[in-house]
Amino acid sequence: MVLTAAWGDVAALVETVLPRRCAACGGPGGPLCPPCSVAVLATRHPGGARLVRPDPCPVGLPPTVATARLEAPLRGLLTAYKDADRRDLAPVLAGLLAEAMRVSGEVDLIVPVPASRRSRRRRGDRPLELLCLLAARTLPGRVRILRALQPRRATRDQSGLDRRARADNVRDSMQLHPGARCPAGARVLLVDDIVTTGATLVEGSRALAEGGLVVRAAVIAATTRTRLSGAGMPTSVGSWKPP
Ligand SMILES: [Zn+2]
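So, here is what we can say about the structure in this document. The residue count restarts for each chain, going from 1 along the sequence in the order it is written. Whole-chain, interface and lining totals are the exception, using all residues; otherwise, since this is a predicted model, local features are given only for residues with pLDDT of at least 70 and side-chain atom pairs are given and counted only at 80 or more.

**Things to note about the overall build of the chain**
Counting its secondary structure elements, the chain contains eight helices and 10 strands. Buried residues are those with 20 or more other C-beta atoms within 10 Å of their own C-beta, exposed residues have 12 or fewer, and partly exposed residues lie in between; C-beta atoms are placed from the backbone. The buried share of the chain, taken over its 243 residues, is 42%. Helical segments are the DSSP runs of H or I of at least four residues, strand segments are the runs of E of at least two, and each set is numbered from the N terminus.

This is the structure we're talking about:
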């Protein structure tokens, strides 16, 4: 399914959820007060979005760009956005995601990591897809956002699992959506909100690669256990070639 939204629809959705307190400190000036906005920007990698690798790096991880470090107050904002009904944070988080998307170079399709059925029931919507729609509006040209992946089986919540358990939990858990029309060889940007061990991106990439797609990945934030690729310079992967 190709995801589209008129800008008015998205703005209306964001407007309908207008909690008025800062999501980070609880003070006035929501969704994010000026001091907390500065603190969130301080989680960005020096020089901006860049290639990252979890340490240890799992086999099959696509080249992955992250904008920021997964630490306070950004970590709390991501949780508040997804699980505490703070959809008014969407423009803030989409701005950070867009930065990773831009550094990831030219692609043909954007594919969000699918939410588990349990998450969809609990949240009632797909918050990652809203971020993709908002972020993609800032990219040059028109890139299709496609719901190309779907869960193949139930998985446990990844939080609280160690690296090996996470990998076991998601292995073979995704598949190409039967209705997705993805031309073989298309360049796909797989999008998630965060990368920790990399297990989810490995699984999404595996399922897309089975359909003949060439995969890179972009996330808002990477765990602080993640190594940066490159030596302090912003890293463009615009010339990235499949291995
Ligand atoms: Zn604040």
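Further notes follow.
**Overview of the pairing of strand 3 (residues 64-69)**
Burial runs high along strand 3: five of the six residues are buried. Should DSSP find at least two bridges between two strands, the strands are regarded as paired. Bridging between strand 2 (residues 50-53) and strand 3 involves three bridges; their strand directions are antiparallel. Paired with Arg50 across the two strands is Ala66, which belongs to strand 3.

**Considering unusual backbone geometry**
Residue Pro31 is bonded to the preceding Gly30 through a cis peptide linkage, with omega at 5°. You can see Pro31 is positioned in the loop between helix 1 (7-15) and helix 2 (34-41). For the bond running from Ala72 to Pro73, omega is -5°, close enough to zero to count as cis. Positioned with a positive phi, Asp85 is a non-glycine residue whose angle comes to about 60°.

**Some remarks on the packing of helix 7 (residues 163-170) against helix 8 (residues 199-210)**
Between N-to-C directions, angles span 0 to 180 degrees; the directions come from axes that are lines fitted to C-alpha atoms, helices contributing only their stretch in contact. With their axes 9 Å apart at the nearest point, helix 7 and helix 8 run at an angle of 25° to one another. In terms of their interaxial angle, helix 7 and helix 8 are classed as roughly parallel. Judged by the twist between their axes, the crossing of helix 7 over helix 8 is right-handed. On helix 8, the residues touching Arg166, Ala167 and Val170 of helix 7 are Ala199, Thr200 and Glu203. Residues were grouped as follows: Ala, Val, Leu, Ile, Met, Phe, Trp, Tyr, Cys and Pro as nonpolar; Asp, Glu, Lys and Arg as charged; and all remaining residues, including Gly, as polar. Looking at the contact of helix 7 with helix 8 residue by residue, the class counts come to three nonpolar, one polar and two charged. Reported orientations rely on four angle classes, namely roughly parallel under 35 degrees, roughly antiparallel over 145, roughly perpendicular from 65 to 115, and oblique for the rest. Two helices cross in a left-handed way if the nearer one is turned anticlockwise from the farther one by less than a right angle. They cross in a right-handed way if the turn is clockwise. Two residues qualify as a contact pair if the distance between their C-beta atoms, derived from the backbone, is within 7 Å.

**Side note on the environment of Glu129**
Looking at the secondary structure, you find Glu129 in helix 6 (residues 127-136). Taking the number of C-beta atoms within 10 Å as the measure of exposure, Glu129 has 19 and is therefore partly exposed. A C-alpha to C-alpha distance of 8.1 Å links Glu129 and Leu3, two positions 126 residues apart in sequence. When residues no more than four places from it in sequence are discounted, the contact partners of Glu129 are Leu3 and Pro112.

**What to know about the pairing of strand 4 (residues 109-112)**
Side chains Leu109 and Val111 project from strand 4 onto one buried face, and the interleaved Ile110 and Pro112 project onto a second face that is buried too. Across two bridges, the pairing between strand 4 and strand 5 (residues 144-146) is parallel. Bridge pairing in strand 5 links Ile110 to Ile145. In this sheet, strand 8 (residues 187-195) lies alongside strand 4 in parallel orientation, the contact comprising four bridges.

**Notes on helix 4 (residues 90-103)**
A helix is expected to span 1.5 Å for every residue after the first. The terminal C-alpha atoms of helix 4 lie 20 Å apart, and with 14 residues this matches the ideal 20 Å at 1.5 Å per residue to within 8%. Burial analysis of helix 4 places 11 of its 14 residues in the buried class, which makes it a mostly covered element. Of all the residues in helix 4, the buried ones are Ala90, Val92, Leu93, Ala94, Leu96, Leu97, Ala98, Glu99, Ala100, Met101 and Val103.

**Description of the nonpolar core**
For this analysis, nonpolar core means a set of buried Ala, Val, Leu, Ile, Met, Phe, Trp, Tyr and Cys residues linked through C-beta atoms within 7 Å. Residues Leu93 and Leu97 are the most contacted members of the largest nonpolar core, which totals 67 residues. A per-element tally of this core places helix 4 first, with 10 residues. When near neighbours in sequence (up to four residues on either side) are disregarded, Leu97 contacts Leu131, Ala135, Ala218 and Ile220.

That is the geometry; function is a separate question.
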